[in-house]
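# Residue-level structural notes
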Amino acid sequence: MTVTEDNKMDIRDDIMILTGNHAAAHAFRQAKVGVVSAYPITPQSPVVEKIAEFIADGKLNARFVKVESEHSALAVCCAASATGSRVGTATSAHGLELMYEMLPWASGNRLPIIINLATRSLGAPWSVWTDHQDFITIRDVGWIQFMCETNQEIYDNNIQAFKIAEDPRVYLPVINAYDGYILSHTLMPVKLEKQKDVDDFLPPITHHINLSDISQIKGIDPVTTPHIVIREEGTAPGYYEYRFSLQKALENSINVIKEVHDDFAIRFGRSYGNGIYKAVETDDTDTIIFAMGSVASQSRIALKKFRSEGLKIGLVSLRLFRPYPSEELREFFKTKKNIIVFDRDIGYGYEGVLSYELKAALYGLNKRPNIKGFIVGLGGRDVKTEHIITGVRRALNDFEQGIFTNKTEFLGLRLDELRDYDESTYFKNG
Amino acid sequence: MVNVMDLPEEEYIYPGTRACAGCGMALIYRIALKALGNKTLITVPASCLTVLHGMQGFCSTKISVYHTPFATTGAAASGILASLEDKGLADEITVLAFAGDGGTTDIGIQALSGAAERGTNFIYACYDNEAYMNTGVQRSGSTPLGVKTTTTPEGKYGHKKNMPKILEAHNIPYVTTGIASYPLDLYEKFKKAKDIYGPKYFHILSPCPPGWGYEPKDTILIGRLAVQTGFWILYEVENGILKLSKPSSRYLDPTKRKPIEEYLKTQKRFSQMTQQEIQVYKTYINEMWIDIERRIKSQEI
């Protein structure tokens, strides 16, 4: 059956059939964002088209600054946030990379901006299809980074993201990511909460900078030296102290993330594991798949197949990628024996990022689990259940034989179909 | 016409800034803030003005300043304004963007063009010291022909970009040029711009002692020479109508203009110019004025 806009679920009034992009837009509407600034890019564009429609229809009272590039989009967001508004945007791949300069500006200023990221692979060559490379590449800029698995989670996590970002113990920007097309353009039922309940959960922003209050004169981000500045009027921290506080804020945000997640769960009846990761069928097994987003979703199907064959495999779907929840993961994995990691990204020249980061996080355990990583689905190549199954079997076989390697293995490659493929001429001829 | 007694006594820049002695920009900034007053929010990209603003923890002005990365001045101003609109404060507070020539004519031109095209209600002031002075005198898109900089030791190829014309092409309500050597003219223009709705663009020549190679005491003199030789023309374009500003109006008559050599010889950066290049300058200045004259005449019809 084809699901169309007219074919809305009639079970309850407040359940709508929405794409991931539109779920994000509805969350922005209900969070009552004050300023949005964005530039079109596939597959994100429907988020901001919908926001423009909400504003035109009077359903959202926000300023939408329609800029000439993503670099400007995030620059507008940073300045608007510093002036005191609730601010958000959306982007993908090259848009996020063009924003790169502004990303540490936002986190360094501790600006609670939300970016929705419909993930997409990075060129060259051009590709509009999903992988997690854009999301992974910005991991060191000081943003909180979430990966969603369903459209409901996109909606829920946007509302949570504003609450987390604007918490005075945090004041950090947040990226809320979801797979391009797989979620961004796929219709799913999404329960939208009542506006009053959202308002109760998410009160108006109290900004720590708020330049709009001109009675307070502030110089935001002047040149900051390596030294402490001491004057009669007071002391000011050096760059090193600023960056220390950013790291501390990220570390401390994990507890706030859990707290906000749990509060949301109590109020609205929906939870996502412990807010940090989702453990699926992990209690009765010591062999675990570790993945996020669309790869975790596909792994859920693989779990069922394994179980039907009598093989007990569990899944940990990572939700919070930054700050990296190493303590939580260490606690979870300390009793596990085998971990198979599927990365829809790659730390080029090394291996999948989820894989090597998990290895590093578990290094201190007395009994370290076996870990093997695979690369899957770059540039939108289908991640099939059979790839997950093949990976798990190959990994278990390797562990049994004591083979451990960082050498990357790509699942789902189809080199054998390239009959006339000659790498030396392929790139020359484009 | 204001006279010097009309200027507010209130200073919005604290004394002892880190700008160089004789800095043209510091004077421009001082005049602009006097005209706009403290119900203003300022955004500044990487530039000499960042240096003036000093170091962490303190603000060198009595007005809040939001520093923003080099390419983003137009966008940052748009963001501040959008937030003020969101908070219902946009009618009370003026948004001022203040950037150098590199930040305006080169790396910031895209964000500025976008902000102008969107009709952003703000004042954008470019103080033009005709090179990247803050990073050590490298050439910019606003460096004049033949000028020696650290990246054009042989002298710069080609004339500077005509940035006011580029902004005029955006059909914005107010474009003007200025210079600190004529402070009352500059003050009046900022006063006027404050009450105009939409994008307002100022292009202000800013003599720079270390970058141009002259004694700090000569900033005002050199600025006057720029106007008197006809090299720097003071004018306003209000809703498409060009009007020469008073200090420049008499130089519409070419016989009133001082020879360009008088301006060039005051600065080391022009020291290696050939006679041929000086001739090119004369033609260039003449053509700028012919263009102005033609426009004024066509407006009369």
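This one's a predicted model, so the numbers in the text were calculated from it and none came from an experiment. (Residues numbered from 1 in each chain as written. Chains lettered and ligands numbered in written order. Predicted model: local features only at pLDDT ≥ 70, side-chain atom pairs only at ≥ 80, totals over all residues.)

## A few points about unusual backbone geometry
Residues and elements named next belong to chain A. Stated precisely, the cut-off is as follows: Only runs of H or I of at least four residues qualify as helices and only runs of E of at least two qualify as strands under DSSP, and these elements are numbered from the N terminus.
The peptide bond linking Thr42 to Pro43 adopts the cis configuration, its omega dihedral lying at 0°. Positionally, Pro43 belongs in the loop between β2 (35-38) and α2 (46-56). With omega at 5°, the peptide bond leading from Gly123 into Ala124 counts as cis. Turning to its location among the elements, Ala124 is positioned in the loop between β5 (113-119) and α6 (133-137). For Asn210, which is not glycine, the phi dihedral falls at a positive 45°.

## Brief notes about the confidence of the model for chain A
Selection criterion: Note: pLDDT gives the predictor's confidence per residue, expressed from 0 to 100. For every residue pair, C-beta atoms are placed from the backbone, and the pair is scored as a contact if these atoms sit within 7 Å.
Put simply, chain A has an average pLDDT of 94, and 95% of its residues get 70 or more. Taken as a whole, residues 1-10 of chain A scores under 50 in pLDDT and shows eight contacts with residues more than four places along the chain or in a different chain.

## Details of the sheet that holds strand β7 (residues 174-179) of chain A
Residues and elements named next belong to chain A. Put simply, the rule reads: At least two DSSP bridges between two strands are required for those strands to pair. To define axes, lines are fitted to C-alpha atoms, for helices over the stretch in contact only, and angles between the resulting N-to-C directions are given on a 0 to 180 degree scale.
Here seven strands make up an open sheet; going across it, the order is β3-β2-β4-β5-β7-β6-β15 and the pairing mixed. The sheet is open, and its two edges are formed by β3 (63-66) and β15 (320-322), each paired on a single side. Along the sheet, successive strands turn relative to each other by an average axial angle of 20°, direction set aside. Bridging between strand β6 (residues 144-147) and β7 involves four bridges; their strand directions are parallel.

## Describing the environment of Ile159(A)
Residues and elements named next belong to chain A. For the record, the criterion: Counting other C-beta atoms within 10 Å of a residue's own tells you its class, since 20 or more makes it buried, 12 or fewer makes it exposed, and anything in between is partly exposed; those C-beta atoms are placed from the backbone.
Structurally, Ile159 is set in helix α7 (residues 151-165). Among the residues examined, Ile159 registers 22 C-beta atoms within 10 Å and is labelled buried. Note: C-alpha distance between Ile159 and Asp283 (124 residues apart in sequence) is 30 Å. Those residues in contact with Ile159 that sit more than four places away from it in its chain are Ala27, Gln30, Ala31, Val198, Phe201 and Leu202.

## Here's the deal with the sheet that holds strand β4 (residues 123-128) of chain B
If you walk across this open sheet you meet the nine strands as β9(A)-β2(B)-β1(B)-β3(B)-β4(B)-β6(B)-β5(B)-β7(B)-β8(B), and the pairing is mixed. Across the chains shown, the open sheet's two edge strands, defined by having one partner strand only, are β9 (219-220) of chain A together with β8 (241-244) of chain B. The pairing of strand β7 (residues 235-238) of chain B with β8(B) spans four bridges and is classified as antiparallel. Residue pairing in the sheet places Glu238(B) in a bridge with Ile241(B) of β8(B). Contacts between helix α3 (residues 73-86) of chain B and the sheet are confined to β1 (40-45), β2 (65-68), β3 (94-100) and β4 of chain B, with β3(B) contributing the most and set at about 170° to the helix.

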